[in-house]
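Read off the chains here:
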Amino acid sequence: MIIRYLQKRKRYVKILINVFVILLIIITIPYYQTNIFRFSEPEPFSGNRFYNPYAQTGKMWVKANFHAHTQAFGGITKGKNTQKELIERYTSLGYQILCISNYNQAAQKNEDQQMFFSAYEHGYNINWAHQLVLNAQNTSYFDFPLFQSKSHKQRIINKLIKTNPIIVLSHPSFKHSYEPSDLKYLVNYDFIEGISPVANSIKEWDYALSNGHAVWIMGNDDAHEISNGNNGICWTMINTDSLCADQVFENLKKGNCYATKGWLAQEMNRIISLSVKDNAYELTLEKAADSIILKSDMGKTVAIETNKNNISYTVKPENTYIRAEIFDSEPYNQYTKTYLNPIIRIKGESFIQHNNDAKINVTGTFVFIIIVVIIHAFLIVFLWIINFKKPA
């Protein structure tokens, strides 16, 4: 019955097949720009010194959301509010920094913004492998729309870093857009969006850290509209001595920041100091927290304190990094969970952000492109057969 139905509508079926094949050829053209990389094996952090992103704590903390969407592209990206409406909303919640990060479209500065960083969310692919690009000088529209291997993801990152922005891997756990096998090897990015209403990617962050990648945590709303359940849920606090945008950006890159999940951006605690001396980790907060948990490699818990404003821990030789999670609650006022950036082992005076490298595998790249050529040739021949070849 189905075959008979298709035979009656042979002309329409043929048109649909033509459209599908032509579209398939078009959307796979970007794969000619593939680079296949040879990744060296990563090494965990090592050394007798420690890099402490909070070694110098400035006099103020600024609140930021780097991931929010407004009306764009006729509404197909689901942003429901104007830029002005979103800025007013976040200003009312006490934010000093709000980035409008529409898909592949960097917003211009609005007169109502207290501090401005250009930002956009890069990526239009079925893997949902997206990147936040902060402080970029221009926008990249290039992507691999269909499948993305580890090498494709590295190729995209390498294209994005050319103007020295901050690169954030967006919601890595969402639809498994960044697998552990990716995070073990990928290089040249700065942050992982560890918490957002879209996805919790703390495990992914720990996996990257455990493989020697000194990447920091970021919390964002990934907001598409104004509502209590979409704004002020996850945010990033950045330490600084002034509201100078350059200094804030520099401290952000150094990891002098932390991420918090809560409700309507209500803060319940702050860092007073964090020090590491003679393998002794010392963290002091403004007030007693419900709990302070110290985590090390692969997220293993190594110390816990409850109802105190400080915690001490002697760093063991097997601990390549130590990071803190702080839980606070207040009567009738929800809760906050704060994730601090780690102290990491280093061998010299400064840290190396990624302990491995990615070099182009010329042979692998050539073979991949030849495969794409063969696939395209097959599709073109197929089109010729169904359209021009006369039956015998």
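Computed from a predicted structure; not experimentally measured.

Rules used throughout
- Residues numbered from 1 in each chain as written.
- Predicted model: local features only at pLDDT ≥ 70, side-chain atom pairs only at ≥ 80, totals over all residues.
- Heavy atoms only, no water.
- Helix = DSSP H or I, 4+ residues; strand = E, 2+ residues; numbered from the N terminus.
- Buried < 20%, exposed > 50% of the residue type's maximum accessible area, 1.4 Å probe, protein only.
- Contact = heavy atoms within 4.5 Å.
- Areas by Shrake-Rupley, 256 points an atom, 1.4 Å probe, with all protein chains shown as cover.
- Lys, Arg positive; Asp, Glu negative; His and termini not counted.
- Charge placed at Lys NZ, Arg CZ, Asp CG, Glu CD.
- Pairing = 2+ DSSP bridges.
- Axes fitted to C-alpha atoms, helices over the stretch in contact; angles between N-to-C directions.
- Core = buried A, V, L, I, M, F, W, Y, C linked by side-chain atoms within 4.5 Å.
- Polar contact = N/O pair within 3.5 Å; in protein donor to acceptor, adjacent residues only side chain to side chain.

## So, the overall build of the chain
Logical step 1: Tallying secondary structure elements over the chain gives eight helices and 20 strands in all.
Logical step 2: Projecting the C-alpha coordinates of the chain onto the three principal axes gives extents of approximately 85 × 45 × 45 Å.
Logical step 3: Classification of the 392 residues of the chain by burial places 50% in the buried group.
Logical step 4: Partitioning the intrachain contacts of the chain with sequence separation of at least 6 by distance along the chain shows that 68% fall at a separation of at least 24.
Logical step 5: Taken as a whole, the chain presents about 19000 Å² of accessible surface, with 57% of it coming from carbon and sulfur.
Logical step 6: The chain carries 40 positive and 33 negative side-chain charges, and their two centres are separated by 14 Å.

## What to know about the sheet that holds strand β10 (residues 191-195)
Logical step 1: As summarised here, the arrangement of the five strands in space is β7-β8-β9-β10-β11, forming an open sheet in which the pairing is mixed. Strand pairing shows two members of the sheet lacking a second neighbour, β7 (119-122) and β11 (216-219), which therefore form its edges. Strand-to-strand twist across the sheet, computed as the mean angle between neighbouring axes with direction ignored, equals 35 degrees.
Logical step 2: By the bridge criterion, two bridges tie strand β9 (residues 166-169) to β10 in an arrangement that is parallel. Within β10, the position partnered with L169 by the bridge is I192.
Logical step 3: This element, helix α6 (residues 202-210), spans β10 and β11 of the sheet and lies at about 145 degrees to β10.

## Digging into the nonpolar core
Logical step 1: Counting 57 residues, the largest nonpolar core has F66, I97, Y189 and I238 as the members making the most contacts within it.
Logical step 2: Excluding its chain neighbours within four sequence positions, the residues that come into contact with F66 are I97, C99, S101, F117, A119, L132, L134, M218, N220, T236, I238 and L252.
Logical step 3: Counting 34 residues, the second-largest nonpolar core is a separate cluster that includes F50, L93, Y258 and A289.

## Some thoughts on the environment of S149
Logical step 1: Tracing the backbone shows S149 in the loop between β8 (131-134) and α4 (150-160).
Logical step 2: With relative accessibility at 28%, the residue S149 sits in the partly exposed group.
Logical step 3: Each C-alpha atom, one on S149 and one on I36, is 9.1 Å from the other, the two residues being 113 residues apart in sequence.
Logical step 4: Among the polar contacts made by the side chain of S149, one reaches the side chain of H152 at a distance of 2.8 Å.

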